[in-house]
Amino acid sequence: MNGIPHAVALRRRSLVASALTCAFVAAPALAQIPGNTVRLGVLTDMSGNYAGMGGKGSVIAANMAIEDCLKAECKGLKIELLSADHQNKADVAAAKAREWIDRNKVNALADLTNSAAALAIQKLALDKGVIALYSGPATTRLTNEDCSPYGFHWMFDTYSQAVGTAAALTRLGQKSWYFVTVDYAFGQSLEQDAGDVVKKLGGTVVGRIRHPLNTNDFSSYLMQAQASKAQVIGLASGGQDTVNAIKQAREFGVGNSQNQRLAALLLFLSDVHALGLKTAQGLTFADGFYWDFDERTRAFSKRFEARFSGNKPTMVQAGVYSSVYHYLKAVAASQSVDAATVAKKMREIPISDPVMRNASIRPDGRVIHDMYLFQVKTPAESKAPWDYLKLVTPIPARQAFKPLDPGTCKLLKPV
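A brief report on the enclosed structure follows.

Definitions and cut-offs
Residues numbered from 1 in each chain as written. Predicted model: local features only at pLDDT ≥ 70, side-chain atom pairs only at ≥ 80, totals over all residues. Heavy atoms only, no water. Axes fitted to C-alpha atoms, helices over the stretch in contact; angles between N-to-C directions. Helix = DSSP H or I, 4+ residues; strand = E, 2+ residues; numbered from the N terminus. Parallel < 35°, antiparallel > 145°, perpendicular 65-115°, else oblique. Left-handed = near helix turned anticlockwise from the far one by under 90°. Contact = heavy atoms within 4.5 Å. Pairing = 2+ DSSP bridges. 1 Å grid on protein atoms, 1.4 Å probe; cavity = no way out; pocket = protein on both sides within 12 Å on 5 of 7 lines; lining within 4 Å. Points joined across faces, edges and corners; volume = space filled by probe spheres on them. Nonpolar A, V, L, I, M, F, W, Y, C, P; charged D, E, K, R; others polar.

What follows concerns the packing of helix α2 (residues 90–103) against helix α3 (residues 115–128). Running from amino to carboxyl end, α2 crosses α3 at an angle of 30 degrees, the nearest separation of the two axes being 8 Å. Accordingly, the angle class assigned to the pair α2 and α3 is roughly parallel. For the crossing formed where α2 meets α3, the hand is right-handed. Across the interface between the two elements, Ala 90, Ala 93, Ala 94, Ala 97, Arg 98, Ile 101 and Asp 102 from α2 touch Ala 116, Ala 117, Ala 120, Ile 121, Leu 124 and Lys 128 from α3.

In structure tokens:
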């Protein structure tokens, strides 16, 4: 299964979930790990708006992390992996997570794409004493008012995206903004953080309109945004919503003039691929991972691509790999699956893998690392498949994320 040695797979499918369990033949048991077994669950969007950035690719990334750890730090462990589709519903996510924890004795949850689902799981994971590894959700609440000593926000958040795209464009003189926002916790947080950055840099937010998740027709929203005369129409959304909005904006000529431009506050490599360079060219956005960054990212992405139908990893999928690998290294180093013990060890050992650069874990659970501002290439600039992005500027780790404010992290306790 995905090339992992000594694996026995059990597959269980239901309307809500598809579970993948991998049991690995191992050496003698580690003393404080019951049954010498670690159990993880990847809870993600398998079929909806965010399936391209997470979904099956996140499960593959988690399996790669397990494989790599078993070859090194995790020798002597059995590792089981479950996966499920939360359907972008907070209640479904919480119910599946509770089932895994109570029935399957899962020790850690990963990916957790969708901010509403992530916030529902954050409290459950704290109450149940399991580790939560967030790579897919974007809300900054996970490390502020809803923070937890057992929650780790790994790859990006709404602040990192605002610092990248909104700050860069505002500094270039694009100072009046209108937001087209997906109407739930993620979109609201993304709009808020981007708007705050714009205003801090002397710009103005002239208006906003909100749309439901999984919107197919953006015409009325885009027309209203165009009529605002704002210099920038900011898309505070993600996944298929962003893809649909960009396609329709190009069709209607919205944001294509010298006086008004379109900005995607959260764009993934999978979105660029879906759009094609002819449509996506010129878009500027912040990202935490790109497959063609250096030799290590290229080697990692080549392995991933071979397992995922020729697709390169998004930053969410890369973040799942990094977070799961780091969690497993902490389990092996502490010889424990106790959440407090493992969380302490995760903060002590360095984050070192092919994905992250200059990474560390803050007391609030925010993983800070270098981010990058990219621009989508023109078709003429692209020289090979998936050669989509050019680096505009790196964003150092300590600038990319919201400064630590212990006063907003009320659940934070020493671990």
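Turning our attention to the sheet that holds strand β16 (residues 371–376). Read from one edge of the open sheet, three strands run β13-β16-β17, paired in antiparallel fashion. Edge strands, defined here as strands with exactly one partner in the open sheet, are β13 (284–287) and β17 (389–395). Across the sheet, the axes of successive neighbouring strands diverge by a mean angle of 30 degrees, strand direction being ignored. With four bridges joining them, β13 and β16 adopt antiparallel strand pairing. By the bridge assignment, Phe 285 is partnered in β16 with Phe 374.

A few words now on empty space enclosed by the protein. Per the stated rule, a full pass over the model turns up two cavities of 30 Å³ or more. Contributing to the lining of the largest cavity are Tyr 50, Met 53, Thr 113, Asn 114, Ser 115, Gly 136, Pro 137, Ala 138, Phe 156, Tyr 184, Phe 186 and Leu 266. Residues of the lining of the largest cavity, tallied by class, amount to eight nonpolar, four polar and no charged. The volume enclosed by the second largest cavity comes to roughly 40 Å³. Together, Gly 288, Phe 289, Tyr 290, Phe 293, Thr 297, Val 355, Arg 357 and Tyr 372 line the second largest cavity. Here the lining of the second largest cavity is built from residues that sort into five nonpolar, two polar and one charged.

Take the packing of helix α1 (residues 55–70) against helix α10 (residues 295–307) next. At a minimum axis separation of 10 Å, α1 and α10 run at an interaxial angle of 125 degrees. On the basis of the axis angle, α1 is oblique to α10. For the element pair α1 and α10, the recorded crossing hand is right-handed. Here α1 contributes Gly 57, Ile 60, Ala 61, Met 64, Glu 67 and Asp 68 to the contact with α10, which in turn contributes Phe 300, Arg 303, Phe 304 and Arg 307. Looking at the contact of α1 with α10 residue by residue, the class counts come to five nonpolar, one polar and four charged.

So far we have only geometry, and geometry alone does not tell us how the molecule works.
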